[in-house]
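Letter by letter, the chains look like this.
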2 protein chains.
Amino acid sequence: MPNIVTISREFGSGGREVGKRLSDRLGYAYYDREILTALAAETGLRESYVSHRLESATFRNYSVHFARTFSQIPAIYNTTVQLLAVQYRIIKELASKEDCVIVGRAADVILAERNPFNIFVYADLASKLARCKSRAEEGESLSDKELIQKMKQIDKARAEQHNLVSSNAWGDKAGYHLCINTTGFEIKEIVPMLAEFCQKRFE
Amino acid sequence: MPNIVTISREFGSGGREVGKRLSDRLGYAYYDREILTALAAETGLRESYVSHRLESATFRNYSVHFARTFSQIPAIYNTTVQLLAVQYRIIKELASKEDCVIVGRAADVILAERNPFNIFVYADLASKLARCKSRAEEGESLSDKELIQKMKQIDKARAEQHNLVSSNAWGDKAGYHLCINTTGFEIKEIVPMLAEFCQKRFE
């Protein structure tokens, strides 16, 4: 069976870079936005629409709906729930093909029975702010207050999507094998150690 | 200034072994029960009494007392608060002398201005139970239920002692640089990676 590493991360903590560099180091496939692309292709929806639906939606009341038949779900929820169901299947399929690193999307929970190595990446607020600013696209200039607001919204959506399928809260260390605070580190410096943890785990 | 690594840990997770092996690997001094010994020597109290006072006491109501003069503290609290004050000074002194690994005793908070590398060691319940049983002394045979009760009591005392001086809750990953779940790992296998994290941090 393929080895699976999942990366969950706070917005701005460098989790995506950790995932990408770790997959390069391990020689594993890397899945992040690739999952959204597959989801858009499969459903015939635009990727930006799929992204909006899954990354900014409020999932709080969905767990109730999962237990019902789809016919009882109000139309506004329907698309998101169906997208989650297709995403669930796509993640299962990708992870059965080859060794991989999967970023976000509750893959740690969805693939729990496959015994993945689960990493949570976080950082101090000041460090996350600095990272967001350094990678902002030209012309984008959010104030600190706006950036903090954006961080909170995105992390909230991630937490809600995760908590929909998990008994451990998103970010609660009990659900992960390793939680790394990237504050004060260069990501490229810590990836070799993270890779060694993964390798020990899969020995 | 000396480099400082602090280890906080759930009872039964192997945190003490992590600390000892890490200090050997890094060539740092190691302080764990050594602090209790120094505390007993300095106060003239028996080490078992000091240990009992600090490791099984209930600290919940102490933060109030810290803000008052000692004369207002009921006698039963007095000894513990004074012990904490002496322990605080001993930890500061030890950490100013040489590179060291300090296990527990809220050293991560007490030494915060010295910018220590803070590790939290935890594990799944089944893994902690197995570790406790494997290291039980001859003749000691607690049931699972009794062991879980003991774990809870000790972790509660650790949390309360920590929370007395910290704005982050004990075990909340925000207060640590690295949180490692030892479930499924041999401690000796993961210490080299932890040592590398420390070295990168102190570069």
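Residues numbered from 1 in each chain as written. Chains lettered and ligands numbered in written order. Predicted model: local features only at pLDDT ≥ 70, side-chain atom pairs only at ≥ 80, totals over all residues. Heavy atoms only, no water.

Quick look at the confidence of the model for chain A
Thinking step 1. Considering every residue of chain A, the mean pLDDT works out to 87; 88% of them sit at 70 or more.
Thinking step 2. Overall fold confidence for the complex sits at a pTM of 0.89, while the interface term, ipTM, reaches 0.87. (pLDDT = per-residue confidence, 0-100.)

Comments concerning the sheet that holds strand β4 (residues 117–122) of chain B
Thinking step 1. The strand order across the open sheet formed by 10 strands is β2(A)-β3(A)-β1(A)-β4(A)-β5(A)-β5(B)-β4(B)-β1(B)-β3(B)-β2(B), and the pairing between neighbours is mixed. Each of the sheet's edge strands pairs with one partner strand only, and the pair in question is β2 (29–31) of chain A together with β2 (29–31) of chain B. Ignoring which end each strand starts from, the neighbouring axes of this sheet average 20° apart.
Thinking step 2. The pairing of strand β1 (residues 4–9) of chain B with β4 of chain B spans five bridges and is parallel. Looking across to β4 of chain B, one finds that Ser8 of chain B is bridged to Phe120 of chain B.
Thinking step 3. Relative to strand β1 (residues 4–9) of chain A, helix α1 (residues 15–26) of chain A is tilted by about 165°, and along the sheet it contacts β1, β2, β3 (100–103) and β4 (117–122) of chain A. (Pairing = 2+ DSSP bridges. Helix = DSSP H or I, 4+ residues; strand = E, 2+ residues; numbered from the N terminus. Axes fitted to C-alpha atoms, helices over the stretch in contact; angles between N-to-C directions. Contact = heavy atoms within 4.5 Å.)

Section: the packing of helix α7 (residues 125–134) of chain A against helix α8 (residues 144–163) of chain A
All names here are of chain A.
Thinking step 1. The interhelical angle for the contact between α7 and α8, taken along N-to-C directions, is 100°, at an axis separation of 11 Å. It follows that α7 is roughly perpendicular to α8 by the angle criterion. Seen from α7, the contacting residues are Leu125, Lys128, Leu129, Cys132 and Lys133; seen from α8, they are Asp144, Leu147, Ile148, Met151 and Asp155.
Thinking step 2. Class assignment for the residues of the contact of α7 with α8 results in six nonpolar, no polar and four charged. (Parallel < 35°, antiparallel > 145°, perpendicular 65-115°, else oblique. Nonpolar A, V, L, I, M, F, W, Y, C, P; charged D, E, K, R; others polar.)

Observations concerning the interface of chain B and chain A
Thinking step 1. Taken together, the 24 residues of chain B in the interface contact 24 residues of chain A.
Thinking step 2. A combined buried area of about 2,100 Å² lies between chain B and chain A, and 64% of that area is made up of carbon and sulfur atoms.
Thinking step 3. It is Lys173, Met193 and Phe197 of chain B that lose the most area in chain B upon contact with chain A, and together they represent 31% of the buried surface on that side.
Thinking step 4. There are zero salt bridges connecting chain B and chain A. (Buried area = accessible area lost by both parts, 1.4 Å probe. Salt bridge = Lys/Arg side-chain N within 4 Å of Asp/Glu carboxyl O.)

Regarding the pattern of salt bridges
Thinking step 1. Under the criterion given, the structure shown has 24 salt bridges over all chains.
Thinking step 2. Of the charged contacts in the structure, one is a salt bridge between Arg158 of chain A and Asp155 of chain A, with a shortest N-O distance of 3.9 Å. Pair noted here: Arg158 of chain A and Asp155 of chain A are both in helix α8, with a separation of three residues, about one helical turn.
Thinking step 3. Between Lys128 of chain B and Glu10 of chain B there is a salt bridge whose closest N-O contact spans 2.8 Å. Residue Lys128 of chain B is found in helix α7 (residues 125–134), and its partner Glu10 of chain B is found in the loop between β1 and α1 (15–26); the two are separated by 118 residues along the sequence. The same class applies to Lys128 of chain B and to Glu10 of chain B, which are both buried.
Thinking step 4. A cluster of three or more residues bridged by salt bridges with shared partners is formed by Arg16, Asp32 and Arg105 of chain A. (Buried < 20%, exposed > 50% of the residue type's maximum accessible area, 1.4 Å probe, protein only.)

Considerations on the packing of aromatic side chains
Thinking step 1. The final tally for this structure, using the stated rule, is 11 aromatic pairs over all chains.
Thinking step 2. Consider the rings of Phe120 of chain A and Tyr176 of chain A, whose centres lie 5.0 Å apart with planes at 55°: the pair is tilted. You can see Phe120 of chain A sitting in strand β4 and its partner Tyr176 of chain A sitting in the loop between α8 and β5 (178–181), a full 56 residues away along the chain. The pair formed by Phe120 of chain A and Tyr176 of chain A is uniform in burial state, with each residue classed as buried.
Thinking step 3. Look at Phe120 of chain B and Trp170 of chain B: their rings are 5.3 Å apart centre to centre, the planes differ by 75°, and that puts the pair in the edge-to-face class. Here Phe120 of chain B is found in strand β4, whereas its partner Trp170 of chain B is found in the loop between α8 (144–163) and β5 (178–181), with 50 residues between them in sequence. Here Phe120 of chain B and Trp170 of chain B have matching classes, each one buried.
Thinking step 4. Linked through ring pairs, Phe117, Phe185 and Phe197 of chain A together with Phe117, Phe185 and Phe197 of chain B together constitute an aromatic cluster. (Phe/Tyr/Trp six-rings, centres within 6.5 Å; stacked < 30°, edge-to-face > 60°.)

Things to note about α1 of chain A
Residues and elements named next belong to chain A.
Thinking step 1. Across its 12 residues, α1 extends 16 Å between first and last C-alpha, which sits within 8% of the 16 Å expected from 1.5 Å per residue.
Thinking step 2. All of the buried residues in α1 are Gly15, Val18, Gly19, Leu22, Ser23 and Leu26. On an axial view of α1, the arc spanned by its buried residues comes to 125°, and they lie on one face. Among the exposed residues of α1, those pointing more than 90 degrees away from its buried face are Asp24 and Arg25. (Expected span 1.5 Å × (residues − 1). Arc of directions from axis to C-beta.)

Focus on the relation of the copies chain B and chain A
Thinking step 1. For the pair chain B and chain A, the relating rotation is 180°, the translation along its axis is 0.0 Å, and the fit reaches an RMSD of 0.0 Å. Here the two chains are linked by the operation of a two-fold rotation axis.
Thinking step 2. Mapped onto chain A, 100% of the interface residues of chain B are again interface residues, and the two copies thus contact each other with one and the same surface. (Least-squares fit on C-alpha atoms with pLDDT ≥ 70 in both.)

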